[in-house]
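# Coordinate analysis (summary)
Listed below are the residues making up each chain.
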Amino acid sequence: MTYRKLVEEALEMFKSIGIEDPKLIPSKNPVYGELTSLVAFDIAREMGGDPVKIAEEIARSLSGYRGRIISSIEAVSGYINLRVDWFKYAEEILKTVISLGLDYGRSSVGSGRKIIIEHTSVNPNKALHVGHARNVCLGDTLYRLFSFLGYDVTVLNYIDDSGTQMADIILGFTELGYPLDPGDGSRFDVYCGDVVYVEVSRRIEEDPSLDGKRRKIAKLIEERDEKYYRLNREITEKVLRDQLKTCWRLGARYHILNMESDIISYDLWSEVFEKLVKVGAVYRAESGLKAGCWLLNLSSHPILSREGDEVLVKSDGSTTYVARDIAYGAWKLRGTSRDFKYKVWFRDPWGGEVLVTDLNGDVEKHIGEVEKVINVIDIRQKRPQEIVKYALDLLGLKSERYIHFGYEVVALSIMDAIKIGYEPEPGQEFVHMSGRRGLYVKADTLIDMLKERVKSEVRGKHPEWIEEKIEEVAEKVAVGALRYSLVKPDTDKMIILNTDEMLKLEGDTGPYLQYSYARACRILEKSGLEYSFKPPVELTEEEKQLLRRIAYFPEVVEEVGRSLIIKTLPNYAYMLASDFSRFYEKVPVLYSEDVELRRFRVAEVLAFKIVLGNVLNLIGVPLVEEM
RNA sequence: GGGCCCGUAGCUCAGCAUGGAUAGAGCAUCGGCCUUCUAAGCCGGGGGUCGGGGGUUCGAGUCCCCCCGGGCCCGCCA
């Protein structure tokens with residue numbers, strides 16, 4: 001790695017004069033060189049004195065140091081700036097990147113270690129909307145990231161096939177006359193969500209007697225009543241197959257689909273419950289509103305205690321969602337003696353096996369001890385997730401490994417809400433999506449809209465292209481645009497979906513990244529790939545900036561692995577692409593007069609293509625060689 | 001009432017985790033650049049009390065406290 005090599009050299013240099021931690025940062029401005037040490041300020045604080053003088057003194061005592069890449073040391077008002085010999089540094093960077101190729105930035109920090117990532121987990125009664133897509137894109141990016149860091153990652157998708165939402169649509173099919181076949185060829189998940197679920201929800205609101213029927217159905221499903229359980233499973237699988245089409249379209253991969261009904265069937269709960277009783281974490285309420293319920297004692301929790309204890313087992317003996325999630329969480333941390341059995345349901349588009357839990361399954365898969373369990377669940381579930389974590393701790397499991405990766409929801413801009421029939425309150429700026437009320441924009445709908453927009457752009461630009469090629473490119477650009485826009489914002493910030501805004505393909509967008517990638521591809525294609533690592537005597541600022549950014553990539557990857565601040569990746573990708581755009585405008589490659597120079601610049605373009613490709617792979621923005 | 005999150009340019013947001021040199025982008029707006037490697041691009045202009053106030057520090061958009069504004073969560077739902 002390259003920036004890191006520079007840092008290592010600098011560390012060694014400082015060490016030679018007895019400074020162990022020189023507090024190195026990449027210089028904020030190229031005029032200050034490549035690396036800056038802030039150590040003079042620290043020394044001034046600890047031992048007194050003037051940081052300006054201390055820095056000068058340090059620079060002086062380092063002046064005799066003969067580095068390989070570092071060429072000069074200069075103290076400026078307390079900062080110690082290190083410059084490099086670009087002739088050597090540039091060669092080093094290009095050699096490293098081009099020889100490692102797809103592995104540049106890859107790390108072995110995770111080798112031999114395991115991680116579970118659970119994401120998506122959409123109730124199997126509807127098609128995915130854009131809010132779900134945010135979950136999918138974040139979760140899948142985590143999967144790609146940790147795989148790149150060398151971890152053995154297992155991706156789970158939790159299928160809640162036994163909640164009231166399923167009972168809603170079953171009620172529609174069995175009692176309210178909705179046919180199982182939509183009849184108009186529409187996708188089954190879309191039909192269930194857009195038609196059956198929305199209409200049944202409305203009818204239940206109008207006719208409260210239906211609520212009782214729904215409850216009865218929910219119970220029948222949970223008790224594995226022959227007719228209802230089978231119908232439920234059939235619908236679940238049908239919807240799930242369609243949902244996965246959307247997920248795959250977004251480029252997301254899964255290894256295991258965990259059916260909630262199977263978590264119940266395997267009775268993971270009873271074992272967990274016994275343990276909770278044994279450690280005195282739960283108790284049965286004998287009186288009051290919650291008489292007959294088993295509750296988790298939260299009284300010693302610093303914050304959760306203020307909101308009272310949590311019901312785990314209802315007075316009718318059934319478990320709550322939190323209880324089932326505790327059981328499931330315990331399973332993830334190997335806190336249960338039982339394990340699931342699976343069947344191979346099918347293969348994903350990349351040829352990977354997708355397992356689904358199955359009581360009579362013939363596949364055994366033991367994930368083993370994991371270093372982390374990352375659960376991608378929207379922020380509204382923060383409290384229940386804290387309760388689950390707390391319970392896992394009480395069970396004696398390594399609950400610090402259980403991570404709730406929370407993110408804010410996607411809401412509809414008022415404009416978009418009005419388009420689908422919503423009547424806004426005065427002053428209202430957004431509307432929360434609601435499956436029940438039909439207030440949402442489906443992920444596929446948005447991708448299709450983007451795709452149409454892209455198609456018209458491509459047609460205008462490449463009138464000679466055949467339809468298949470236009471189709472292929474448009475799909476990739478549309479998916480790239482959506483993935484980028486969902487992964488780029490801070491996870492703590494709500495995304496207010498504005499489809500008009502979203503359809504713009506300029507500026508800080510996925511297509512911009514794909515475009516700069518495509519431009520690089522064209523140069524390389526025409527270059528005959530004749531490149532060399534021998535730099536010219538003088539590099540342009542644009543070249544230095546591009547190389548500097550390229551050299552920093554491995555730091556970004558590891559940093560995100562530590563911080564889980566995913567947006568750092570798209571931010572980096574955008575800055576890298578911007579650096580390349582400026583390079584592209586100012587620095588002729590194929591038209592450079594000197595053959596050696598041309599070859600060197602081809603290497604620069606190749607290195608850029610590799611790094612941008614690698615980071616786009618991490619965030620799941622498809623690579624496009626021509627657009 | 002309790003807990004958590006957000007507030008940076010007209011709009012959307014980076015920068016905050018790990019405090020450092022003149023606060024950066026995109027959109028919008030105004031003005032330039034295509035007979036040269038893809039103009040989905042590049043360059044330039046205008047536009048900022050970093051919500052407000054205190055504090056810590058040589059140094060605060062970044063850390064701490066208080067306040068204001070907005071959002072979310074507190075069910076025998078999931």
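Anyway, here's the lowdown on the structure attached to this text. (Residues numbered from 1 in each chain as written. Chains lettered and ligands numbered in written order. Predicted model: local features only at pLDDT ≥ 70, side-chain atom pairs only at ≥ 80, totals over all residues. Heavy atoms only, no water.)

### Concerning the overall build of chain A
Secondary structure summary: chain A contains 21 helices and 17 strands in total. A compact globule built from 627 residues would reach a C-alpha radius of gyration of about 25 Å, and chain A, at 28 Å, matches this within 12%. A principal-axis box enclosing the C-alpha atoms of chain A has dimensions of 85 × 70 × 55 Å. Relative to its full complement of 627 residues, chain A shows a buried share of 56%. Taking the intrachain contacts of chain A between residues at least 6 apart in sequence as the baseline, contacts between residues at least 24 apart amount to 73%. As presented, chain A carries roughly 27800 Å² of accessible surface, and 50% of it is formed by carbon and sulfur atoms. Charged side chains of chain A number 87 positive and 100 negative; the gap between the two group centres comes to 1 Å. (Helix = DSSP H or I, 4+ residues; strand = E, 2+ residues; numbered from the N terminus. Rg over C-alpha atoms; globule rule 2.2 N^0.38 Å. Buried < 20%, exposed > 50% of the residue type's maximum accessible area, 1.4 Å probe, protein only. Contact = heavy atoms within 4.5 Å. Areas by Shrake-Rupley, 256 points an atom, 1.4 Å probe, with all protein chains shown as cover. Lys, Arg positive; Asp, Glu negative; His and termini not counted. Charge placed at Lys NZ, Arg CZ, Asp CG, Glu CD.)

### Observations concerning the environment of Ala90
Counting through the fold element by element, Ala90 comes out in helix α4 (residues 86–100). The spatial distance from the C-alpha of Ala90 to the C-alpha of Tyr158 is 47 Å, given a sequence separation of 68 residues. Ignoring anything within four residues of it in the chain, the contact list for Ala90 reads Pro535, Leu539, Leu547 and Phe600.

### Focus on the pattern of salt bridges
For the structure on display, the rule yields 66 salt bridges. Between Glu555 and Arg4 there is a salt bridge, and its shortest N-O distance comes to 2.8 Å. Within this pair, whereas Glu555 is found in helix α19 (residues 541–563), its partner Arg4 is found in helix α1 (residues 3–15), the two being separated by 551 residues in sequence. Of the residues examined, Glu555 reaches a relative accessible area of 17% and is grouped as buried. On the accessibility criterion, Arg4 (24% relative accessible area) is partly exposed. Across the pair Arg599 and Glu530 runs a salt bridge whose closest N-O atoms are separated by 3.5 Å. Linking Arg599 in helix α21 (residues 595–619) with Glu530 in the loop between α18 (510–527) and α19, this pair joins segments that are 69 residues apart in sequence. (Salt bridge = Lys/Arg side-chain N within 4 Å of Asp/Glu carboxyl O.)

### Quick word on the pairing of strand β15 (residues 410–413)
Bridging between β15 and strand β17 (residues 495–497) involves 3 bridges; their strand directions are parallel. Following the sheet pairing, Leu412 is matched in β17 by Leu497. Sheet topology places β15 next to strand β16 (residues 430–432); 3 bridges connect them, and they run antiparallel. Bridge pairing in β16 places Leu412 opposite Val431. (Pairing = 2+ DSSP bridges.)

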